[in-house]
Amino acid sequence: MIPARRRDAALSVVGSLLVLASLVIIWAARLTVPRELYVSELGALGEPTAEAFRLALLLLVAGGVLVAWAVRDLRARTPILRRGTPALSLALSCLGFFVAANVPCTAGCPLPVGDTFTVQDFTHTLAAVLAFAAACWAMLQVAFAPGHRTIARLSLGMALAVGAIAAAGGLLSLARWNAAFGSHLELVATTVGIGWLVVVGLARAAGPLQRRLIGDSAD
């Protein structure tokens, strides 16, 4: 295996493991809270899970950057999706999550509108929404990238699922109706999105590793 490919495969595996650790921490933190709440509320000021949630987001950022590097050669075929690459979209998503990690929402994570408006909540909400949107865009870009049929199909299905579930959860949040169900939808969308990043990172590492094993067998 070419040293550069070996390095990229190793970085991709490390990135996937960091992202997986992020997801485990988020779920572990969520399971310690007896009431219903949205994912961002785990990191709200004053919450006992705030530091764990911040750590989870930082691990997600670090792992996401490594996976972005591993997929830097991918580019979608369709004209609109070709504006940028999945790597760039993931990098922008990681930037958004980095801001969200360092600017947590206030207690209860109120919507930054009307009487509840605060610059802090607005910054956190905007960063999180843009990060999620960039991640979904990256999923679509990978879905229409040539030469990776299995990853493409998986990415398309997961992108549609994340988009639909997150949109439903967001609408329930805006309507301030059935927040419990909306919080469950958000957690599912978060899990699917982070899970996609883990799978893509491992899949990108598997190709070079498989070629190396075949090459060793041939020798």
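Located above this text is the structure these notes cover.
In short, a report on the structure. Model, not experiment: these values are computed from the prediction.

**Concerning the environment of A68**
- By the secondary structure assignment, A68 is in helix α2 (residues 50–70).
- For A68, a relative accessible area of 5% corresponds to the buried category.
- As for A68 and L197, which are separated by 129 residues in sequence, their C-alpha atoms are 9.3 Å apart.

**Some words on helix α3 (residues 86–102)**
- Taking 1.5 Å of rise per residue, the 17 residues of α3 would be expected to cover 24 Å, and the 24 Å separating its terminal C-alpha atoms lies within 8% of that figure.
- Taken together, the buried positions of α3 are P86, A87, S89, L90, S93, C94, G96, F97, A100 and A101.

**Regarding the environment of A128**
- By the secondary structure assignment, A128 is in helix α4 (residues 119–143).
- For A128, a relative accessible area of 18% translates into the label buried.

**A closer look at the nonpolar core**
- Core analysis: the largest hydrophobic core is formed by 40 residues, its most contacted members being I26, L42, L57, L60, L90, W196 and L197.
- Where this core is concerned, the elements lending two or more residues are α1 (3–31), α2, α3, α4, α5 (149–175) and α6 (179–218).
- It is α2 that provides the largest number of residues to this core, a total of 7 residues.

**Remarks on the pattern of salt bridges**
- Taken as a whole and judged by the stated rule, the model has 5 salt bridges.
- For R7, the salt bridge identified is with D8, shortest N-O distance 3.2 Å.
- Note on D8: relative accessible area 14%, which makes it buried.
- The residue R72 makes a salt bridge to D8 at a minimum N-O spacing of 2.8 Å. You can see R72 sitting in the loop between α2 and α3 and its partner D8 sitting in helix α1, a full 64 residues away along the chain.
- Connected via shared salt-bridge partners are R7, D8 and R72.

**A word on the packing of aromatic side chains**
- Here the structure, examined in full by the defined rule, presents 1 aromatic pair.
- Considering the side-chain rings of F117 and F122, the 6.1 Å spacing of their centres and the 40 degrees angle between planes classify their relative orientation as tilted.
- Taking relative accessible area as the criterion, F117 reaches 44% and is therefore assigned partly exposed.
- Overall, F122 belongs to the partly exposed group, its relative accessible area being 39%.
- Directly above the ring of W69 sits R72, whose terminal nitrogen or CZ lies 4.0 Å from the centroid.

**Thoughts on the packing of α3 against α4**
- Relative to each other, α3 and α4 sit at 160 degrees, their axes nearing to 8 Å. When the axis of α3 is compared with that of α4, the two are roughly antiparallel. Crossing of α3 over α4 shows left-handed handedness. Contacts between α3 and α4 involve P86, S89, L90, L92, S93, G96, F97, V99 and A100 on the former and, on the latter, T123, H124, A127, A128, A131, F132, A134, A135, W137, A138, Q141 and V142.
- Grouping the amino acids of the contact of α3 with α4 by side-chain chemistry returns 15 nonpolar, 6 polar and no charged.

Reading the values: the criteria
Residues numbered from 1 in each chain as written. Predicted model: local features only at pLDDT ≥ 70, side-chain atom pairs only at ≥ 80, totals over all residues. Heavy atoms only, no water. Helix = DSSP H or I, 4+ residues; strand = E, 2+ residues; numbered from the N terminus. Buried < 20%, exposed > 50% of the residue type's maximum accessible area, 1.4 Å probe, protein only. Expected span 1.5 Å × (residues − 1). Core = buried A, V, L, I, M, F, W, Y, C linked by side-chain atoms within 4.5 Å. Salt bridge = Lys/Arg side-chain N within 4 Å of Asp/Glu carboxyl O. Phe/Tyr/Trp six-rings, centres within 6.5 Å; stacked < 30°, edge-to-face > 60°. Lys NZ or Arg CZ within 6 Å of the ring centre and 35° of its normal. Axes fitted to C-alpha atoms, helices over the stretch in contact; angles between N-to-C directions. Parallel < 35°, antiparallel > 145°, perpendicular 65-115°, else oblique. Left-handed = near helix turned anticlockwise from the far one by under 90°. Contact = heavy atoms within 4.5 Å. Nonpolar A, V, L, I, M, F, W, Y, C, P; charged D, E, K, R; others polar.

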